[in-house]
Amino acid sequence: MNPVFVNIHTHRPTGCGIELRTAGIHPWDAPQADAAALDRLARELESGGVQAVGETGLDFVQAADNGTRQAQIELFRAQLALACRYGLPVVLHCVKAFEQTMRLLREQEPRAVIFHGFIGSPEQARQALERGYCLSFGERTFASPRTVEALKETPLSQLFLETDDSETSVKTIYTRVAGLLALSVEELKRATTENYERIFIHG
Ligand SMILES: [Zn+2]
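About the criteria used
Residues numbered from 1 in each chain as written. Predicted model: local features only at pLDDT ≥ 70, side-chain atom pairs only at ≥ 80, totals over all residues. Heavy atoms only, no water. Donors = N, O, S within 2.8 Å, 3.2 Å for Na, K, Ca; no water. Helix = DSSP H or I, 4+ residues; strand = E, 2+ residues; numbered from the N terminus. Buried < 20%, exposed > 50% of the residue type's maximum accessible area, 1.4 Å probe, protein only. Contact = heavy atoms within 4.5 Å. Phe/Tyr/Trp six-rings, centres within 6.5 Å; stacked < 30°, edge-to-face > 60°. Lys NZ or Arg CZ within 6 Å of the ring centre and 35° of its normal.

Participant: Whenever I open this one, the coordination of the zinc ion confuses me. Can you help?
Facilitator: In an ideal tetrahedron of four donors about a metal, each angle is 109.5 degrees. In an ideal octahedron of six donors, the angles are 90 or 180 degrees. The protein atoms that coordinate the zinc ion are E55 (OE), H93 (ND1) and H116 (NE2), at distances spanning 1.9 to 2.2 Å. Read in sequence order, the donor residues coordinating the zinc ion give the pattern E-x37-H-x22-H. With E55 in strand 4 (residues 52–59) and H93 in strand 5 (residues 90–95), this residue pair connects regions lying 38 residues apart in the sequence. Side by side, E55 and H93 carry an identical accessibility label, which is buried.

Participant: Can you walk me through the environment of F200 in this structure?
Facilitator: With respect to the helices and strands, the residue F200 is situated in helix 7 (residues 185–201). The exposure class assigned to F200 is buried, which follows from its relative accessible area of 15%. In this structure the C-alpha to C-alpha distance between F200 and Q70, which are 130 residues apart in sequence, comes to 31 Å. Beyond its immediate stretch of four places on either side in the chain, F200 contacts I8, L20, Q51, A52, P89 and I114.

Participant: What am I meant to see in the packing of aromatic side chains here?
Facilitator: Working definition: an aromatic ring pair is given by the centre-to-centre distance plus the angle between the planes. All chains considered together, the criterion is met by six aromatic pairs. For the ring pair F98 and F115, a centre distance of 6.0 Å and an interplane angle of 40 degrees mean the geometry is tilted. On the criterion of sequence distance, the pair formed by F98 in helix 3 (residues 98–107) and F115 in strand 6 (residues 113–115) is long-range, its members being 17 residues apart. Exposure remark for F98: the relative accessible area of 7% places this residue in the buried category. Assessed through its relative accessible area of 2%, F115 is described here as buried. Three or more aromatic residues joined by ring pairs make a cluster, and in this case those are F98, F115, F118, Y133 and F137. The ring of F142 carries the charged tip of R176 above its face, separated from the ring centre by 4.0 Å. Between K189 and the ring centre of F5, over which it is positioned, the NZ or CZ distance is 4.4 Å.

Interpretation note: all reported values are geometric properties and have no functional meaning in isolation.
Set out below in structure tokens:
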């Protein structure tokens with residue numbers, strides 16, 4: 001496969017390069033997610049057109065009270081179980097809930113884990129990377145000095161890039177990250193394309 005722009009998580013698909021087809025229930029929707037919603041998700045995953053469960057995870061900034069946090073945890077557990085059942089990777093949304101997320105991943109570990117829009121310290125990045133997880137970086141990375149440090153420590157074999165909900169083009173994200181890592185855009189494309197192939201084509 002020729003190197004292309006892999007955009008591992010976008011809410012504004014352009015049809016160019018590689019954009020992942022995912023299905024999942026966002027942690028923000030946890031209070032409304034019932035058994036029927038999980039059944040619908042299971043059917044969608046079973047249909048075979050989906051490449052990963054996502055985004056799923058925990059957002060403890062959104063979940064101010066204990067009840068909402070518990071609902072997010074239960075929903076995340078249920079989606080990890082689905083990812084394991086269908087042999088799918090997960091694309092994680094994790095905000096201010098790193099320890100809890102890592103704990104739940106130890107209970108049920110999907111065959112690949114990608115933290116989308118990773119924001120965190122180099123130490124947290126190291127913990128996730130040691131477990132073989134991938135980290136995906138985007139627009140918000142550049143505003144967070146410790147996340148830029150985490151990016152610099154991420155091996156190319158565990159790196160993805162994304163536009164998420166920003167209007168910035170994927171090419172701009174690659175160009176900025178290439179600058180930070182003193183690499184060429186082509187080298188970055190080669191790395192993320194190889195990671196995509198390993199996880200989603202040969203996985
Ligand atoms: Zn997200």
